[in-house]
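Tertiary structure, described
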Amino acid sequence: QVQLVESGGGLVQTGGSLRLSCAASGRTFSNYNMGWFRQAPGKEREFVARITWSGGSTYYVDSVKGRFTISRDNAKNTVYLQMNSLKPEDTAVYYCAAGAATRTVVTDWDRYHYWGQGTQVTVSS
């Protein structure tokens, strides 16, 4: 089992920045790819970004490319999502998730095995 706890969400104005953190405990963190997903009210859960187990490869959904950066610190068992130039359409509950270590880009939420409880991000216009 891997336990994941997100933090860092909040209310920010358009154009602002937030940094989400996801702290992991349990099994060896560096054995997993990590992903960030989000879900807005009335919408399906959406893939945002993923980073491989070593941090050597990242991938983003087109809507956040150039604005969001995913990173990880395996010594601290933590994955981050730096979000800049935030827009109202980024408003959602953000979840981190752990999945199998693979070089394949996996964006389907049901391919990730462990999930945090989510943190709310609200961007005001």
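Quick summary incoming for the structure in this document. Residue numbers run consecutively from 1 along every chain, following the written order of its sequence. Where local features are concerned, this predicted model is filtered to residues with pLDDT of at least 70; where side-chain atom pairs are given and counted, the filter is 80 or more; whole-chain, interface and lining totals use all residues. Side-chain measures were taken over the full set of non-hydrogen atoms in the model, leaving aside hydrogen atoms and water.

1. Observations regarding the overall build of the protein
Each helix corresponds to a stretch of at least 4 residues labelled H or I by DSSP, and each strand to a stretch of at least 2 residues labelled E; elements are numbered beginning at the N terminus. Regarding its fold elements, the protein presents zero helices and eleven strands. Secondary structure elements of the protein occur, N-terminal to C-terminal, as β-β-β-β-β-β-β-β-β-β-β. We take the radius of gyration over the C-alpha atoms and set the globule estimate at 2.2 Å times the residue count to the 0.38 power. In terms of overall dimensions, the protein is globule-like: its C-alpha atoms have a radius of gyration of 13 Å, near the 14 Å expected for 125 residues. Summarising its shape, the C-alpha atoms of the protein cover approximately 40 × 25 × 25 Å along the three principal directions.

2. Some thoughts on the pattern of salt bridges
Where charged atoms of side chains with opposite charge meet at close range, the side chains can pair. Each reported salt bridge corresponds to a side-chain nitrogen of Lys or Arg within 4 Å of a carboxyl oxygen of Asp or Glu. Overall, the coordinates contain four salt bridges when judged by the stated rule. Between Asp62 and Lys65 there is a salt bridge; the shortest N-O distance is 3.0 Å. Here Arg67 ties to Asp90 by a salt bridge, and the two come within 2.7 Å at their closest N and O atoms. Of this pair, Arg67 sits in the loop between strand S6 (58-60) and strand S7 (68-73) while Asp90 sits in the loop between strand S8 (78-83) and strand S9 (92-100); the two residues are 23 residues apart in sequence, bridging distant segments of the chain. Per residue, the accessibility class of Arg67 equals that of Asp90, and both read buried. Connected via shared salt-bridge partners are Arg38, Glu46, Arg67 and Asp90. The buried label applies to any residue whose accessible area, calculated with a 1.4 Å probe on protein chains only, is under 20% of its type's maximum; exposed applies above 50%, and partly exposed to all values in between.

3. Comments concerning the sheet that holds S7
Strand pairing in a sheet takes place through backbone hydrogen bonds and is either antiparallel or parallel in direction. Judged by pairing direction, the sheet is antiparallel, and its four strands sit side by side in the order S1-S3-S8-S7 without closing on themselves. Among the strands making up the open sheet, the edge pair consists of strand S1 (2-7) and S7. The sheet shows a mean angle of 15 degrees between the axes of neighbouring strands, taken without regard to direction. For two strands to pair, DSSP has to find at least two bridges joining them. As paired strands, S1 and strand S3 (residues 18-26) are joined by six bridges and run antiparallel to one another. For Val5, the partnering residue across the bridge sits in S3 and is Ala23. Whenever a helix is involved, its axis is fitted only over the stretch in contact; in every case the axis is a line through C-alpha atoms, and angles between N-to-C directions fall within 0 to 180 degrees.

4. Notes on the side chain of Arg38
Here Arg38 shows up in strand S4 (residues 32-39). Taking the relative accessible area as the measure of exposure, Arg38 reaches 7% and is therefore buried. Looking at Arg38, its side chain comes within polar contact range of the side chain of Asp90, at 2.9 Å. With residues up to four places along the chain from it excluded, the contact list for Arg38 reads Glu44, Arg45, Glu46, Val48, Ser63, Val64, Phe68, Glu89, Asp90, Ala92, Val93 and Tyr94. Definition of a polar contact: a pair of N or O atoms within 3.5 Å, with one able to donate and the other able to accept a hydrogen when the atoms are protein atoms, and with sequence-neighbouring residues admitted only if both atoms are side-chain atoms. In what follows, residue pairs with any heavy atoms lying within 4.5 Å of each other are defined as contacts.

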